[in-house]
Amino acid sequence: SSNRDDVWVAASVARITRLDEPDALIAALRTASPPVWQEIHGALLRCCPDAGDLGPSNADATREQVAAAADRWASWRAVEREKQEKAVFEARCKRASSLLRLARYFIDTKPDVAVFERRCKEIIRDFGDTPAAEEARRLLDSVNGSDSGN
């Protein structure tokens, strides 16, 4: 019973303070007793307003209804996490492209191969999963290949 009280207090604090830990709240929802899941539900509504009310909103919900609500919250969270990851990747791609344009500047306008190589290696190291890193590898290979032929 003490553990249940601790969970209830934690859920209440999460709701009141708008704690942004939806994954922990969703996991707790799956095992919570009715007074606790009501607090968890309130905390989820406050920290995830874009989700809408995915339940359980009924104080008399059955264990199955609570589990179904937890599944809805988890599905929503997975979609949101995917959106966030996509946004982060897009920002990384944009940054890598900017750095690649700068690297090209050093080879096109100032023929400074050392700076160009350093910039390309930085892009490959820091943004290896982006299209700009692939392009930097290709450009680096072509510059290094043309140097070795001279």
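Residues numbered from 1 in each chain as written. Predicted model: local features only at pLDDT ≥ 70, side-chain atom pairs only at ≥ 80, totals over all residues. Heavy atoms only, no water.

As for helix H2 (residues 22–31)
- Three or more residues of H2 are buried, namely Pro-22, Leu-25, Ile-26 and Leu-29. Taken around the axis of H2, the buried residues stretch over an arc of 100°, which confines them to a single face. (Buried < 20%, exposed > 50% of the residue type's maximum accessible area, 1.4 Å probe, protein only. Helix = DSSP H or I, 4+ residues; strand = E, 2+ residues; numbered from the N terminus. Arc of directions from axis to C-beta.)

Side note on the nonpolar core
- With 18 residues, the main nonpolar core has Leu-29, Ile-40, Leu-44, Cys-48 and Trp-73 as its most contacted residues.
- Contributing elements (two or more residues each) for this core: H2, helix H3 (34–47) and helix H4 (63–108).
- Tallying contributions element by element places H3 first for this core, with 6 residues.
- With residues near it in sequence (within four places) discarded, Leu-29 still touches Trp-37, Ile-40, Leu-44, Pro-56, Arg-63, Val-66, Ala-70 and Trp-73.
- Of all hydrophobic cores here, the second largest spans 14 residues; its members include Ala-103, Phe-127, Ala-136 and Leu-139. (Core = buried A, V, L, I, M, F, W, Y, C linked by side-chain atoms within 4.5 Å. Contact = heavy atoms within 4.5 Å.)

Some words on the pattern of salt bridges
- Tallying each qualifying case throughout the model produces 9 salt bridges.
- The shortest N-O distance in the salt bridge between Lys-83 and Glu-80 comes to 3.1 Å. With Lys-83 and Glu-80 both in helix H4 and 3 residues apart, this pair spans about one turn of that helix.
- Judged by relative accessible area, which is 17%, Glu-80 ranks as buried.
- For Asp-129, the salt bridge is made with Arg-92, and the minimal N-O distance between the two is 2.7 Å. One end of the pair, Asp-129, is in the loop between helix H5 (113–126) and helix H6 (131–148); the other, Arg-92, is in helix H4, and 37 residues separate them in sequence.
- The class of Asp-129 is partly exposed, set by a relative accessible area of 45%.
- Via salt bridges that share partners, Asp-23, Arg-77 and Arg-81 belong to a single interconnected network. (Salt bridge = Lys/Arg side-chain N within 4 Å of Asp/Glu carboxyl O.)

That is the geometry; function is a separate question.
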